Amino acid sequence: FAKREGEGLRSRFPHVDHDTVDLLGRFLHFNPQDRMGVNQALEHPIFSEVRLPEKETMSSSLVSLDFEKEPDLDEVMLRDYFRSEMKKFRMDEQEKLRQGGA
């Protein structure tokens, strides 16, 4: 393919803030070596108000999620998986509160 200039994401999303368009653009580089990686993305300004690096942990092994094994995963099924996971988290938090912890 011949190289050609694009219109840019800003022209497609004029109503979206700068940081969001910047992050999206960095994820959409055609060449994987030019794409933003996970660690770079987590350092992006868009996450500065919601990220607490001091509370983050790393898994000692590969994390495998049940829904990744579904051969016919659709939106409804994925939502069910998310609902189930959120219920577990809420039950864990309620148990901590019952035991006097926060």
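Refer to the structure presented above.
Residues numbered from 1 in each chain as written. Predicted model: local features only at pLDDT ≥ 70, side-chain atom pairs only at ≥ 80, totals over all residues. Heavy atoms only, no water.

Caption draft 1: Fine view of the overall build of the chain. Counting its regular elements, the chain contains 4 helices and 0 strands. The linear arrangement of helices and strands in the chain, starting from the amino end, is α-α-α-α. Compactness check: the chain gives a C-alpha radius of gyration of 19 Å against a globular reference of 13 Å for 102 residues, more than 25% above the reference. By its C-alpha atoms, the chain is 60 × 35 × 30 Å across when sized along the principal axes. Sequence separation of 24 or more characterises 13% of the internal contacts of the chain that already satisfy a separation of 6 or more. Accessible area of the chain: about 9,800 Å², with a carbon and sulfur share of 55%. Measuring between centres, the 16 positive side-chain charges of the chain sit 1 Å from its 21 negative side-chain charges. (Helix = DSSP H or I, 4+ residues; strand = E, 2+ residues; numbered from the N terminus. Rg over C-alpha atoms; globule rule 2.2 N^0.38 Å. Contact = heavy atoms within 4.5 Å. Areas by Shrake-Rupley, 256 points an atom, 1.4 Å probe, with all protein chains shown as cover. Lys, Arg positive; Asp, Glu negative; His and termini not counted. Charge placed at Lys NZ, Arg CZ, Asp CG, Glu CD.)

Caption draft 2: Main features of the side chain of His 44. Assignment of secondary structure puts His 44 in the loop between α3 (38-42) and α4 (75-98). For His 44, the contacting residues outside a window of four places in its chain are Asp 19, Asp 22, Leu 23 and Met 36.

Caption draft 3: Seen up close, the packing of aromatic side chains. Enumeration according to the criterion identifies 2 aromatic pairs in this entry. Consider the rings of Phe 67 and Phe 82, whose centres lie 6.1 Å apart with planes at 80°: the pair is edge-to-face. In this pair, Phe 67 is assigned in the loop between α3 and α4 and Phe 82 in helix α4, connecting sequence segments 15 residues apart. Here a set of aromatic residues connected by ring pairs shows up, and it is made of Phe 67, Tyr 81 and Phe 82. (Phe/Tyr/Trp six-rings, centres within 6.5 Å; stacked < 30°, edge-to-face > 60°.)

These figures capture arrangement, not role.
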